[in-house]
Amino acid sequence: MGKSKSFADKMSKANQDNTRHCAQCGESVTTVKMITSEKVEDTGAWKFRQNFVGICKCNEKDIIG
Ligand SMILES: [Zn+2]
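Residues numbered from 1 in each chain as written. Predicted model: local features only at pLDDT ≥ 70, side-chain atom pairs only at ≥ 80, totals over all residues.

Examining the overall build of the protein chain
Of regular secondary structure, the protein chain possesses two helices and three strands. Listed N to C, the secondary structure of the protein chain is α-β-β-β-α in terms of helices and strands. Within the protein chain, the proportion of its 65 residues that are buried is 0%. Nonlocal contacts in the protein chain, meaning residues at least 24 apart in sequence, comprise 31% of its contacts between residues at least 6 apart. (Helix = DSSP H or I, 4+ residues; strand = E, 2+ residues; numbered from the N terminus. Buried ≥ 20, exposed ≤ 12 C-beta atoms within 10 Å, placed from the backbone. Contact = placed C-beta atoms within 7 Å.)

Observations concerning the sheet that holds strand β2 (residues 28-39)
Here three strands make up an open sheet; going across it, the order is β1-β2-β3 and the pairing antiparallel. Of all strands in the sheet, those with a lone pairing partner are β1 (20-21) and β3 (46-55), marking the two edges. (Pairing = 2+ DSSP bridges.)

A word on the pairing of β3
On a regular strand, each side chain points to the face opposite its neighbour's, so the side chains alternate between the two faces of the sheet. The element β3 is barely covered by neighbouring structure, given that only zero of its ten residues are classed as buried. Note: β2 against β3, ten bridges, orientation antiparallel. Paired with threonine 30 across the two strands is isoleucine 55, which belongs to β3. Count of turn residues in the β2/β3 antiparallel hairpin: six residues, of which glycine 44 carries a positive phi of about 75°.

Description of the environment of glutamine 24
Mapped onto the secondary structure, glutamine 24 falls in the loop between β1 and β2. Once the C-alpha coordinates of glutamine 24 and cysteine 56 are considered, the two residues, 32 residues apart in sequence, prove to be 9.4 Å apart.

Comments concerning the environment of cysteine 58
Positionally, cysteine 58 belongs in the loop between β3 and α2 (60-64). On the neighbour-count criterion, cysteine 58 (14 C-beta atoms within 10 Å) is partly exposed. Once the C-alpha coordinates of cysteine 58 and glutamine 24 are considered, the two residues, 34 residues apart in sequence, prove to be 7.6 Å apart.

Observations concerning the confidence of the model for the protein chain
For the protein chain, the mean per-residue pLDDT works out to 84, and 83% of the residues sit at or above 70. Looking across the protein chain, the model is least confident in helix α1 (residues 3-18), with a mean pLDDT of 65, and most confident in β3, with 93. (pLDDT = per-residue confidence, 0-100.)

This is the structure:
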């Protein structure tokens, strides 16, 4: 009953959303969720932040190492 169709629609939409191309290197950009930690000077506690970062050839070495 249109279940497979909507699934296919979702897939194609997700693919489109995930396919961005870098203006600098022309490679496709992969978006990943990065969790960074930083120490709060005042309390000495660690704070965690979630960031969505686009990775391509330009910065993959910096981010992935
Ligand atoms: Zn790039």
